[in-house]
Structures are given as structure tokens and as C-alpha cells.
Number of protein chains: 2
Amino acid sequence: MNKVCVLGAGSTNYGKLKEDIIEIALTASVEAIKSAGISPKDIGAGYISNVFGIADKQVHMAPVIMSNLGISHVPGLTIESACGSGSVMFREAYANVAAGFYDCVLAVGVEKVTHTGTAQSTTLFSYCSDFFYEGGNGASFPGLFASIARYYMTKYKADEEDLAYVAVKNHDNGLLNPKAHMRKRITIQDVINSPVVASPLKLLDCCPFSDGASAVILCNEEFAKKSNRPYIEVIGSGRGGSPASVQGREDISTIPSTVIAAKQAYKMAGITPEDVDFAEVHDCFTIAEIIDVEDLGFFPKGKAAKEIREGATSRKGRIPINPSGGLKSKGHPIGATGIGQVAEVYDQLTGKAGERTINDAKIALTHNFGATGASAAVHLFKKVE
Amino acid sequence: MNKVCVLGAGSTNYGKLKEDIIEIALTASVEAIKSAGISPKDIGAGYISNVFGIADKQVHMAPVIMSNLGISHVPGLTIESACGSGSVMFREAYANVAAGFYDCVLAVGVEKVTHTGTAQSTTLFSYCSDFFYEGGNGASFPGLFASIARYYMTKYKADEEDLAYVAVKNHDNGLLNPKAHMRKRITIQDVINSPVVASPLKLLDCCPFSDGASAVILCNEEFAKKSNRPYIEVIGSGRGGSPASVQGREDISTIPSTVIAAKQAYKMAGITPEDVDFAEVHDCFTIAEIIDVEDLGFFPKGKAAKEIREGATSRKGRIPINPSGGLKSKGHPIGATGIGQVAEVYDQLTGKAGERTINDAKIALTHNFGATGASAAVHLFKKVE
């Protein structure tokens, strides 16, 4: 297996975007290509992640993106795994470079849904659930995560303020991210007082619907070294699954796919959670981040809420979580999110994260899941010095 | 790299199906698992290909399929590359087994669109074109392939009867395939007299909209040998791209992605087109098959129409094409088609193809493309004796 590196990254702003989905994808792709100091001709394959291209009347995006980059002969494909599409796509791109099928590939995630409106976006997203048991019976994601939150809060005696701390911390981080969707400082009281979406989740417990794209360049170590550009190394990769519907799970205060994926990734990297300097995790709802950081091994089960409250996951805490602002503040263009996390890690570990830089970070983790965690992928990255 | 084998295959009937998309996918998956003589627990990952799950309100299918197979922990993903999704997905499954990431994987392609009606299906399919230049300006696929047909016919002095010979031959083959969508013998005059869809293409020059699923089990050679079951070996794999829009191509009597993918696959296998005993190719419209068999190197450019007329591609001809009936008669559930081709090759080379068996076949080729050939993949398989 070849060592696999991330040599460049690019992102559009996340938010409500006017451009069409291909223009959005191209903006991020071109930025990643420039960041890597390569030419499109160096790209051996294009990996796209997207869920609802249909909402902007374009599926089969790879040939359109490749053609617009002037490399129409280069094969591409689209990978979908709901809100976890980006990380699952990153894993395939990683696997192909690791195996030597390509020296250098473009991985670009993109989504455009805000023009359909909140009601239609919620309907579309419900198709990512186990529709027979969930979406088809009116259980949309806020409702499903509300069930999860209620169960967790009861089991571990957490409260609505605990959830709010996640939102406040991620909004603080997002303020330092010029590309974030929701750049607005909020207080615990703002969260508590915001409209109830699905009790106990209020509006400010939920990430926004976002448009946007993120792209990274993956390559083997030889290619990266020759570039004389800063790069980072992928040291761990894991994927897992959970029972598709929430009702099918034994204990909904944990997400099985995260636990499986993390175990694989740590094992491959030969490290433990203590070795990780910061992480970008899947905080589609505040409760998700609390469960994530426990499932990833950063805190014992049931203990994260208190630790978050005391600042352990803040930028200067023991294990900073979502320095980018996370899905909550940076935004959640679902096909792009997993790649956006890798772009943040690249920026952080190559000195491009500006004011939100995590000091002395050397090892970082990304965690991204689909739906209520029916699918998940975890990746580990190392600074190259 | 590990040798990769196909150990089992299954398909639903292709046609108008009443079951939901998950039931359809499960029927083919369970048949493939039984055919391989394995247990779901042997499966390390699930590869799904699908384009319009949204039409049946279910995307993020992998966790739902895995959960219904009783292996919810197993990671999966969906790959989309328009009508070429199945073969592109097969390539990713192949690459992961070849690289040693998994010993055994399930690859299942599925589509359900007929319930949306012909008009809505045509609209959905147009999103697979370069929508900015094509679909968005009213150019749906029958129109685009009509342009290609008109150009080819003018350049190589072919006529509408030449196109009809492809349809008649594939319907003859489909009569012997109990799972084919259109099991009806037709004559040259039936094709010529059928309603014009987009001149020179008539209704019987076009493949149908179909529902259906096909699945195969891929594994490494050691796993296959241990099974004591019949299996075939993947000996070549190639992928390519073309300018996404037809207007962006220099010569529309050839499909660049096919030429690139075929060259890679032949090179990897160390064989030439003359070594291939039969092929399943992408005949979404009759003109496509004529162009395919030239681009794949079975006939010189401009010569295929005459050869087809003289029987060279019939079941007992020099190079039998689409013994399954092809997209034209077997049907075209777009996410499943590429895997259905592999299932046909598995059946043919392991003695399960009944009356439509190609005698003494040892090496077979599959060719499947997306849209007007903006993406394509070619695979080569060898009988194991």
C-alpha cells in the first residue's frame, strides 16, 4: 500500500449560494488544484460526493466537472452515503491511491438545496432515513435526533443547557472561519429561547441547510514530495454501519457505525484517542456532537456533556472539537461536509487556519456520518514536518 | 494486487415491478448470496449502484440493504454514473478486493422508475446529460442519440434498416432470457414501421424504461477456491471519460470514453479484441451498439452495420453481442444494467445460461456507459476451468 497524502484543499463559502451546482463544485475544485500547485492534467480520476444533484437538475456530475476542467478523458463518479457522502467518498479516493490505481486524484463534495426551501429540503433529507420505518411515517431527522437526545439526557442526566454549550462553542469557532454559514455569536440563553423544532431540540441546536463545495487533492507520497508544497498524511481510515432505523438499535445513546469506524482507523494508525490533537466531528444536532466525542473515545460514556461545559472541547481545551465551526456554524452542504472536514484539517496542519489555528496540533481526526449514523467514516491525519 | 473473482450472481426480472426499491435490491442480493454459497456474514462491504432512488423515496440505500440482510455493521455506499453506474460501481468493488481491503463484497445495482411514467422518467434521465447545454435546452437522450445516428449514417452510408438489425437480433436473444423485459420477436419492418421518437430513431430503436436489480459477489481468488463453487475471474478493468456534452466532441461517430476504457482493459488483460468470445455492450439505442462494437475493436470503423446485417454479432456469429438481449430487450434499469451484464457473463461462463449459451466461450467483455458515453467502463472476464 502506498502512503496517501492530502496536497491541497479548497472550499466555497458555505451558505445560500446563487451559482449552479457545477459552478459551485468547480470553484472549490479549482481552489484545491491551485492550492496543490498542480495542473488539472495531473489528475488521474475525479471522485465526487453529492446527494441531491437532482434538486439542481444535474446528476452524473463527474463528466461535467472534468470537462469544465479541460480533462474530459479522465474518469469520475459520484458517491452517496447521505450526510456522510464526503467521508465515504474520501475513503474510496484514499483506497484507490493507496492501492496504486492513481497517483493523484481530485475529491470534491458538493450540495445545493437551499433554493428548494426548508420544507422541500426536509422532505428530500427524509429519503436518507430508512424510509419504510422512518421518513414514510413522518419521522424526519429533527424528530429522530430528538428521540436520541431525550434518551441520552434521561440515561446520563444531561439537560438542555448541556446541548446548548455545544452550539455556543461551535458558533464561537465559526466566527473565526471566513467561509462559515452562520457567523454569529450566540449565548446559552439564545439557544434555550430559540423556537422548539422537536423537543428537546431548539432551532439553535440544529445545523442549517447549506449550499457549498469542498475539494481536496489526494496523492501518493512520492507525488507529494516532488511538489515541494506542504502536505499532510492519511494515517488511518475506517468505515462502519449501524442498523438503518433508530428503532432497530439496542442503545441509542451510542452510534455503532462511529465506534466501528473509529476502532478501525485507530488500529490502522497505531494510535489511541489520547494521541489526537483536535477533531472535526458530525454535529448535525448538538446531541450528535456529545455522542460522537464519547463514541470516538475522547470521553467516557455519559461524561462528555460535563466536559464540554467545562471547556474541554474548546479551541484551547484538552481536545478541541470542530475548530472550523462544525456543521452547526460552518454549515452542512451534505455532499460536501466530509470533504470540508478534511480541508479544515489540511488548513490547520499546514498553517493556513489563521486565527482559529489549534496550537501545536500534529494529529487530527475527521468523523462524518449519514442519516442518524446508519453509515459513518473516520479518518486520521498527521502533520508532515 | 489480488486476483478478483465473481463467485455468484442474481437478478430480478427486469420490467415494471410492483415491489419497493429495497425489496427489489434484496431479491437480487439474496439470489447472488445463495448462488455464491456464502452467508451474509462473509460480506465485508456493500457496493450499491443507483441513480434515481429519490423516485422511490429512498437514497442512502446501503444501510437499509445491509440491515435487511442482518449485517447492519457492514459499511456500504452508493455509486452513480448515470446509466453506467453499475459498471463504475463494479470497478470500485473490484479495486477494493484487488487491493485487499475486503475478501468478499456484495455489488448490487438497482433502479425503480416506471411508476413515475414515461414523461417524468425522460425528465429525470435528462439530468444525466450536461444539463446546462443539453437537458436544459430540451435535448433529451432520444434526440441526442438521433443526432449521433444521423451523423454516423451520413458519414458511413448506413441506413435505418441497419439500425433495425440490432433491435431484431437483441429481441431474438431476449426471447431466450426468462428475466428479460421485452420478450417479443420483432421484424425489420416492425422496427421501421414503429412510431418515430426522434428521427431516424423509432420506438423499437430505443430500449425501454425498466425497473430491476442485479447483484454479484466479488471475492479474492483464495476465497473463491475455498468455496468449491464455479466462479469466473476478472482479467481486465478500464474506465474513461468523454466531453460531457455531445456538442463538445470532435467526431460523434465514436465515443471517446469507450475507446479509453477498452484500451486499458485489453492492456491489463494482455489480450486483443480478437480474443473475446462474446460481449455485453451498451445498446440504449440501436445506433449505440453499432458504435460500441467498433469502438471496442470488434470491427473497423464504419464497418459494423454491414457485419451485423450479415450475422456476425448473432449468437452463433463471429462475435456474439448481447446474448442476454441487451438493454434493448432484456431491459435497462439504469442503476442495475452494468451489474446485470456481469451477471450474464457469470451465467454464461459457468453453464447457467440455458438456451442462450454461447458455445465454447472462455473470455467475455462487458461495456456500459453513462448518458451519451460521457463516462464508460469496460471489464474482461475469463472462465476458470
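Scoring rules and cut-offs
- Residues numbered from 1 in each chain as written.
- Chains lettered and ligands numbered in written order.
- Predicted model: local features only at pLDDT ≥ 70, side-chain atom pairs only at ≥ 80, totals over all residues.
- Helix = DSSP H or I, 4+ residues; strand = E, 2+ residues; numbered from the N terminus.
- Buried ≥ 20, exposed ≤ 12 C-beta atoms within 10 Å, placed from the backbone.
- Contact = placed C-beta atoms within 7 Å.
- Pairing = 2+ DSSP bridges.
- pLDDT = per-residue confidence, 0-100.
- Domains from an automatic or database assignment.
- Nonpolar A, V, L, I, M, F, W, Y, C, P; charged D, E, K, R; others polar.
- Least-squares fit on C-alpha atoms with pLDDT ≥ 70 in both.

Re the overall build of chain A
Along chain A, the regular secondary structure elements total 13 helices and 11 strands. By principal-axis analysis of the C-alpha atoms, chain A measures approximately 55 × 45 × 35 Å. With 385 residues in all, chain A has 64% of them scored as buried. Of all intrachain contacts in chain A linking residues separated by at least 6 positions in sequence, the fraction that spans at least 24 positions is 78%.

With respect to the pairing of strand β4 (residues 104-111) of chain A
Residues and elements named next belong to chain A. Of all eight residues in β4, eight are buried, a share of seventy percent or more. Two elements, strand β2 (residues 45-49) and β4, share five bridges in a ladder whose sense is parallel. The residue bridging Ser-49 from the neighbouring strand is Gly-109, located in β4. Summarising the sheet, β4 and strand β7 (residues 212-220) pair through eight bridges and their orientation is antiparallel.

Describing the confidence of the model for chain A
Mean pLDDT over chain A works out to 98, with 100% of the residues at or above the 70 mark. Taken over the whole predicted complex, pTM reads 0.98, whereas the ipTM for its chain interfaces reads 0.97.

Thoughts on the domain arrangement of chain A
Residues and elements named next belong to chain A. Split into domains, chain A comes out as domain 1 (4-116 + 210-232) and domain 2 (120-206 + 236-383). Taken together, the contacts link 40 residues of domain 1 with 40 residues of domain 2. Secondary structure elements with two or more residues in the side of domain 1 that touches domain 2: β1 (4-11), α3 (85-98), β4 and β7. A per-element tally of the side of domain 1 that touches domain 2 places α3 first, with eight residues. Tallied by class, the residues present in the side of domain 1 that touches domain 2 amount to 21 nonpolar, 16 polar and three charged.

Some points on the relation of the copies chain A and chain B
For the match of chain A to chain B, the screw axis carries a shift of 0.0 Å, the RMSD comes to 0.0 Å, and the turn is 180°. Classification of the inter-copy transformation places it as that of a two-fold axis. It is Ile-79 of chain A whose C-alpha, among those of chain A, lies nearest the rotation axis, at 2.3 Å. Looking at chain A, 100% of its interface residues are interface residues in chain B too, so the copies touch through the same face.

As for the environment of Ser-121 of chain B
All names here are of chain B. The topology assignment puts Ser-121 in helix α4 (residues 117-126). Given 17 C-beta atoms within 10 Å, Ser-121 falls into the partly exposed group. A C-alpha to C-alpha distance of 25 Å links Ser-121 and Pro-178, two positions 57 residues apart in sequence. Aside from chain neighbours lying at most four places away, what touches Ser-121 is Val-113, Thr-116 and Phe-209.

Points about the interface of chain A and chain B
Between chain A and chain B, the contact holds 50 residues from the first and 50 residues from the second. Where the side of chain A that touches chain B is concerned, the elements lending two or more residues are α2 (61-68), β3 (76-80), α3, β8 (232-241) and α9 (256-269) of chain A. Here the residues of the side of chain A that touches chain B sort into 28 nonpolar, 17 polar and five charged.

Section: the environment of Phe-285 of chain B
Residue and element names in this part refer to chain B. Its place among the elements puts Phe-285 in the loop between β9 (278-280) and α10 (286-295). Residue Phe-285 is classed as buried on the basis of its 28 C-beta neighbours within 10 Å. When the C-alpha atoms of Phe-285 and Lys-202 are compared, they prove to be 9.6 Å apart, with 83 residues separating the residues in sequence. Setting aside anything within four residues of it in sequence, one finds Phe-285 in contact with Phe-145, Leu-201, Asp-205 and Cys-206.

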